[in-house]
Amino acid sequence: MKLYCLSGHPTLPCNVLKFKSTTIMLDCGLDTTAALYFLPLPLVHSPRLSKLPGWVSKDGAVNLEKELKECSGRVFVDSQPEFCLPEKELLDLSTIDVILISNYHCMMALPYITEHTGFTGTVYATEPTLQIGRLLMEELVTFMERVPKAQAATCWKNKEIQRLLPGPLKDAVDVWSWRKCYSVQEVNSALSKVQLVGYSQKELFGAVQVTPLSSGYSLGSSNWIIQSHYEKVSYVSGSSLLTTHPQPMEQSSLKNSDVLILTGLTQIPTANPDGMLGEFCSNLAMTIRAGGNVLVPCYSSGVIYDLLECLYQFMDSANLGSTPFYFISPVANSSLEFSQIFAEWLCQNKQSKVYLPEPPFPHAELIQTNKLKHYPSIHGDFSSEFRQPCVVFTGHPSLRFGDVVHFMELWGKSSLNTIIFTEPDFSYLDALAPYQPLAMKCVYCPIDTRLNFHQVSKLLKDIQPLHVVCPEPYTQPPPAQPHRSDLMLELQPPPMAYRRCSVLGLPFRRRYERIHLLPELARSLVPSEIKAGVSVATVSAVLQSKDNKHVLQVSECSVQQPDELDPNLSDSLGNTECLKCMIFTSELYGHILHLQTEDVLIQLEEDATHIICDNNEPLRTALRDLVLRFLQKL
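Residues numbered from 1 in each chain as written. Predicted model: local features only at pLDDT ≥ 70, side-chain atom pairs only at ≥ 80, totals over all residues. Heavy atoms only, no water.

Caption draft 1: Just the overall build of the protein chain, in detail. The number of helices and strands found in the protein chain is 18 helices and 34 strands. Here the analysis covers contacts within the protein chain between residues at least 6 apart in sequence; of these, 69% occur between residues at least 24 apart. Counting 51 positive and 65 negative side-chain charges, the protein chain places the averaged centre of each group 5 Å from the other. (Helix = DSSP H or I, 4+ residues; strand = E, 2+ residues; numbered from the N terminus. Contact = heavy atoms within 4.5 Å. Lys, Arg positive; Asp, Glu negative; His and termini not counted. Charge placed at Lys NZ, Arg CZ, Asp CG, Glu CD.)

Caption draft 2: Representation of the packing of helix 3 (residues 127–145) against helix 5 (residues 184–191) in the model. Orientation of helix 3 relative to helix 5, taken along the N-to-C sense of each, is 165°, at an axis distance of 10 Å. Considering their axes alone, helix 3 and helix 5 lie roughly antiparallel with respect to each other. For the element pair helix 3 and helix 5, the recorded crossing hand is right-handed. For the pair helix 3 and helix 5, contact is made by Leu-130, Arg-134, Met-137, Val-141 and Glu-145 and by Val-184, Val-187, Asn-188 and Leu-191, respectively. (Axes fitted to C-alpha atoms, helices over the stretch in contact; angles between N-to-C directions. Parallel < 35°, antiparallel > 145°, perpendicular 65-115°, else oblique. Left-handed = near helix turned anticlockwise from the far one by under 90°.)

Caption draft 3: Main features of the packing of aromatic side chains. Under the counting rule described, the total for this entry stands at 20 aromatic pairs. Plain terms: the ring middles of Tyr-305 and Phe-361 are 5.5 Å apart, the flat faces sit at 50° to each other, and that makes the pair tilted. With Tyr-305 in helix 7 (residues 303–317) and Phe-361 in the loop between helix 9 (348–354) and helix 10 (363–368), this residue pair connects regions lying 56 residues apart in the sequence. On the accessibility criterion, Tyr-305 (1% relative accessible area) is buried. With a centroid separation of 6.1 Å and 50° between ring planes, the pair formed by Tyr-326 and Tyr-375 is classed as tilted. Pair noted here: Tyr-326 is in strand 18 (residues 325–328) and Tyr-375 is in strand 19 (residues 372–375), with a separation of 49 residues, a long-range link. Side by side, Tyr-326 and Tyr-375 carry an identical accessibility label, which is buried. Taken together, the ring pairs connect Tyr-326, Tyr-375, Phe-382, Phe-386, Phe-407 and Trp-411 into an aromatic cluster. (Phe/Tyr/Trp six-rings, centres within 6.5 Å; stacked < 30°, edge-to-face > 60°. Buried < 20%, exposed > 50% of the residue type's maximum accessible area, 1.4 Å probe, protein only.)

Caption draft 4: A look at the pattern of salt bridges. Tallying each qualifying case throughout the model produces 16 salt bridges. With a shortest N-O distance of 3.4 Å, Asp-174 and Arg-500 are connected by a salt bridge. Residue Asp-174 is found in the loop between helix 4 (159–162) and strand 10 (178–179), and its partner Arg-500 is found in the loop between strand 24 (496–498) and strand 25 (503–505); the two are separated by 326 residues along the sequence. Judged by its relative accessible area of 38%, Asp-174 is partly exposed. (Salt bridge = Lys/Arg side-chain N within 4 Å of Asp/Glu carboxyl O.)

Caption draft 5: Representation of the sheet that holds strand 19 in the model. Taken together, the six strands give an open sheet; going across it, the order is 19-18-20-17-21-22, and neighbouring strands pair in parallel fashion. The open sheet terminates on both sides in strands that have one partner only, identified here as strand 19 and strand 22 (441–444). Strand-to-strand twist across the sheet, computed as the mean angle between neighbouring axes with direction ignored, equals 20°. Across four bridges, the pairing between strand 21 (residues 418–421) and strand 22 is parallel. (Pairing = 2+ DSSP bridges.)

Caption draft 6: Just the sheet that holds strand 24, in detail. Judged by pairing direction, the sheet is mixed, and its seven strands sit side by side in the order 12-13-14-15-16-23-24 without closing on themselves. The open sheet is flanked by strand 12 (203–205) and strand 24, the only strands paired with a single partner. Along the sheet, successive strands turn relative to each other by an average axial angle of 20°, direction set aside.

Next comes the structure, spelled out in structure tokens:
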């Protein structure tokens, strides 16, 4: 059993598990932090951005004025923002059988995987994960397509040039793997490959069964159990034990795992979500009372539901009930509607409201009373209905694209206004860098409800997996706080750590396999009792292993001996004019023989041989016997 790590971001994972001849991708998160190296995309022409000077090296040897711009001592790429994709060269992604999605934030790279690698498998996700993931992808595409950039910047990526650039651009890694955003056609094609599953619903692939469990983090978010008859792997990603709007985390099913793969812990382990909500409300109220506006860069689903609920309770008590809230996103309307209709995926308290009937979230009442208004963009109705002071929720949290760019340019020059960061995915200082100098106040209230190190240590003590596998940063204190040993995983045995491009051999060996007896073979057995309640019988049979299933068959009728092959088939296979064969050798896959005329693959590995052909059992059997004959000679 092997684990391939394709992502270096602990909360945006992409791993591939090879388990009993099944290749399973665990999430496909998209690292959008690469966008921070780019200039913002303004919806309305920005004189400030357009007048930024181009970058030239101090000695004048490197001139990239058309690609790079300087702003307040930093250098940014003047091109459409790009994203860091999961690693594509570590293994052949066309061999992936299934992709398991844990939550909608961890599926944003799906179109890059399914549309550009030869992927022919199936993607499994819950309905809220699929529908909200679709919204986030469509929103991202819209943000990019409505502000097209004529030029693409590539010269700066040259290694010899990049090392001459000022930081942090010169320290950016894997820049040649960065890609522009996908298209809406690629989104639709990728999501057409998704098969919906419900919690505790079991899906079978040969000898491997996968089951999603509620992780408690977001609507429809899942942890996954991957098991055979005698082995069990748990995948825990983006989980929460706090009482928020999703169903609570299912923990008991994670017990007795041979291996537990752990990702997606909180990015801000020292910040308490309740405390951050309190700071958010108090800073918002202070700004509104002073006559300023509040800008909240956010995703269009997730924490925004909790923020609106918190403000619903807070604003009236603070005598700010007349302050308008604006939610601006191409998918704002759909996001608010989806949160109300996925009742079975909500916590019990919100589910019970549906049957009263009452809307589970209070933003329905805010909309009815015109306290919350939502718009697809700043153009159209918003421009005529907009009044200040107000609170605006809009994307993107990176401040590089989306309607948030317009509000940064509009409100950034006044110290009355405040921007409040609640999403933990981006460094707020890096996000603000291309807007400097900035007069508006900045407040950092990151709200991350995922498991912290204390919670996960208690969870692991309760469920007691034999081995834990996790990202390398979880095994050491944060670089900025090297004395904080409480902000890392300390386990016995120590967890196995991985980083981007790691390949881990997971620490257990297959000990048993379940074998089925054909009825006619079972009838021929003559058990002998050796002690009370225990009988044994000798078996003479042929073991057939196919599609990860093992069957004992009566030896006389189950297989032809190598010398008794169909003469016509043997002649065809032995004739070099009829048989075209291509041989590939790989450290990861062993030797692969491609029989082109029959379109058959024979994969020879260190401890297994696979013969892959389409519904041609005589050919498969004949090839198997030939391979056995040659192995005996060797």
